[in-house]
Amino acid sequence: MTRILGISGSLRAGSFNTALLRSAQSLGGPGVQLDAATLHGIPLYDGDAEQRDGLPDAVVELKDRIVASDGVMLCTPEHNNGIPGVFKNAIDWLSRPAEDIPRVFGDRPFAVIGASPGGFGTILAQSAWLPVLRTLRVRYWSGGRLQVSRAHQLIGADGEVSDEATRKQLEVFMQGFAQFARPMAK
Ligand code: FNR
C-alpha cells in the first residue's frame, strides 16, 4: 500500500483545490490510498507563541500525518501569482523546530498540483513552491504537471471534477506520483 497525503491549501468550503483533491482520492489506482488534509485550525506563525507554548495541536497532528505517509501532494491555489499566505504559513509551522525538518520533509516524495478559475492554472504558484521545497530537502516529483485552468468550468457544484479530460490527467498524475512514492521504490 502506498499512502499519499494530499493537503489542500484553501480554507474555502467551495474550494476548487479541495475538489481536485477529493476527486483524486478515487483515481490513485489499486494499492494507493490518498488521504485528504486541510489547513483548518493552524494559527498564524508567531515565534513568541512557539517559544511559550510549543507547536499548536493542529500543526503536530498534520506533522504526524505527513510522517505516516509515503508521499505528500500539495494542492495549491494561486494568490497574486504566488503561494497563498495560509499555505506558506502552514508549511512554515511544519518546518519548526528546524531540527525536525529531516523527519517531516527530508527525502520525502512531494508533488504539487493546483486549480484556478484563471487561464494559467496556478503555474506561478507551483513554480513558487520549488525553492521552498528545495530548502526543505524533499524529493520533488517533476515527472508530471497538473495545472487546472478555468476550474469553475471543470468542477461541478457537487465538488467533483466533472470534465473527463481533467479526470484523466488527474488519474495519470496520481498514478505516476504514487509509483514514485511507493515505499519499495525509495
Ligand atoms: C486570487 N486568484 C488568483 N488566481 C490566479 O490564477 N492567479 C492569481 O494570481 C490570483 N490571485 C488571487 C489573489 C487573491 C487574494 C485571491 C483571493 C484570489 C483567484 C483564485 O485562483 C480563486 O479565488 C480560486 O478559487 C482560489 O482557489 P480555491 O479556494 O478555489 O481552491
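Identification of the protein chain as NADPH-dependent FMN reductase from Luteimonas lutimaris is taken from an unreviewed UniProt entry. According to its UniProt record, the protein chain has this under Cofactor (unreviewed entry): "FMN".

Undergrad: Can you lay out the overall build of the protein chain for me, pointing to particular residues and giving the numbers?
TA: Helices and strands together make up the secondary structure of the protein chain, namely eight helices and six strands. Mapped from its N terminus to its C terminus, the protein chain presents α and β elements in the order β-α-β-α-α-β-α-α-β-α-β-β-α-α. Here the C-alpha radius of gyration of the protein chain, 16 Å, is about what a compact globule of 186 residues would show, namely 16 Å. When the backbone C-alpha atoms are referred to their principal axes, the protein chain occupies close to 50 × 40 × 25 Å. Put simply, the protein chain has 186 residues, and 39% of those count as buried. Considering only intrachain contacts with a sequence separation of at least 6, the fraction spanning at least 24 residues in the protein chain is 80%.

Undergrad: Kindly report on the pairing of strand β1 (residues 2-8), identifying the contributing residues and their values.
TA: For β1, the buried fraction is high: six of the seven residues fall into the buried class. In this structure, β1 lies alongside strand β2 (residues 32-37), joined through six bridges in parallel fashion. Along β2, the bridge assignment pairs Gly 6 with Ala 36. As a crossover connection, the stretch from β1 through helix α1 (residues 16-24) into β2 is right-handed.

Undergrad: Could you give an account of the site of the ligand, naming the residues involved and the relevant values?
TA: Close contacts around the ligand come from 14 residues, with Ser 10, Ser 15, Asn 17, Pro 77 and Gly 118 the closest. Partitioned by chemical class, the residues of the shell around the ligand number four nonpolar, eight polar and two charged.

Undergrad: Give a description of helix α6 (residues 123-135) that names residues and reports values.
TA: Within α6, the full set of buried residues consists of Ala 125, Gln 126 and Trp 129. In this structure, the buried side of α6 is in contact with β3 (71-75), β4 (109-115) and β6 (147-148). In the segment just after α6, Arg 137 is the residue with positive phi, at about 60 degrees.

Undergrad: Tell me about the environment of Pro 97, and name the residues and values.
TA: When you line up the elements, Pro 97 lands in the loop between α4 (85-94) and α5 (101-104). In this structure, the C-alpha to C-alpha distance between Pro 97 and Gly 54, residues 43 residues apart in sequence, is 9.2 Å.

Undergrad: Provide a residue-level description of helix α8 (residues 164-181), including the pertinent values.
TA: Here α8 is 18 residues long and its end C-alpha atoms lie 25 Å apart, about the 26 Å a rise of 1.5 Å per residue gives. Among the residues of α8, those classed as buried are Thr 166, Leu 170, Phe 173, Met 174, Phe 177, Ala 178, Phe 180 and Ala 181. Taken around the axis of α8, the buried residues stretch over an arc of 155 degrees, which confines them to a single face. More than 90 degrees from the buried face of α8, the exposed residues found are Glu 164, Ala 165 and Lys 168.

Undergrad: Run through unusual backbone geometry, naming residues and quoting values.
TA: Cis rather than trans, the peptide bond between Arg 96 and Pro 97 has omega equal to -15 degrees. Here Asn 81, not a glycine, exhibits a phi torsion of approximately 65 degrees, which is positive. The topology assignment puts Asn 81 in the loop between β3 and α4. Judged by the 12 C-beta atoms lying within 10 Å of it, Asn 81 is exposed. Positive phi outside glycine occurs at Arg 150, with the angle close to 50 degrees. Tracing the backbone shows Arg 150 in the loop between β6 and α7 (151-154). In this structure Arg 150 comes out as partly exposed when scored by C-beta crowding, with 15 C-beta atoms within 10 Å.

Conventions we followed
Residues numbered from 1 in each chain as written. Predicted model: local features only at pLDDT ≥ 70, side-chain atom pairs only at ≥ 80, totals over all residues. UniProt positions renumbered as here; feature names shortened; annotations may be inferred. Helix = DSSP H or I, 4+ residues; strand = E, 2+ residues; numbered from the N terminus. Rg over C-alpha atoms; globule rule 2.2 N^0.38 Å. Buried ≥ 20, exposed ≤ 12 C-beta atoms within 10 Å, placed from the backbone. Contact = placed C-beta atoms within 7 Å. Pairing = 2+ DSSP bridges. Right-handed = clockwise from strand over helix to strand, strands pointing away. Near = placed C-beta within 6 Å. Nonpolar A, V, L, I, M, F, W, Y, C, P; charged D, E, K, R; others polar. Expected span 1.5 Å × (residues − 1). Arc of directions from axis to C-beta.

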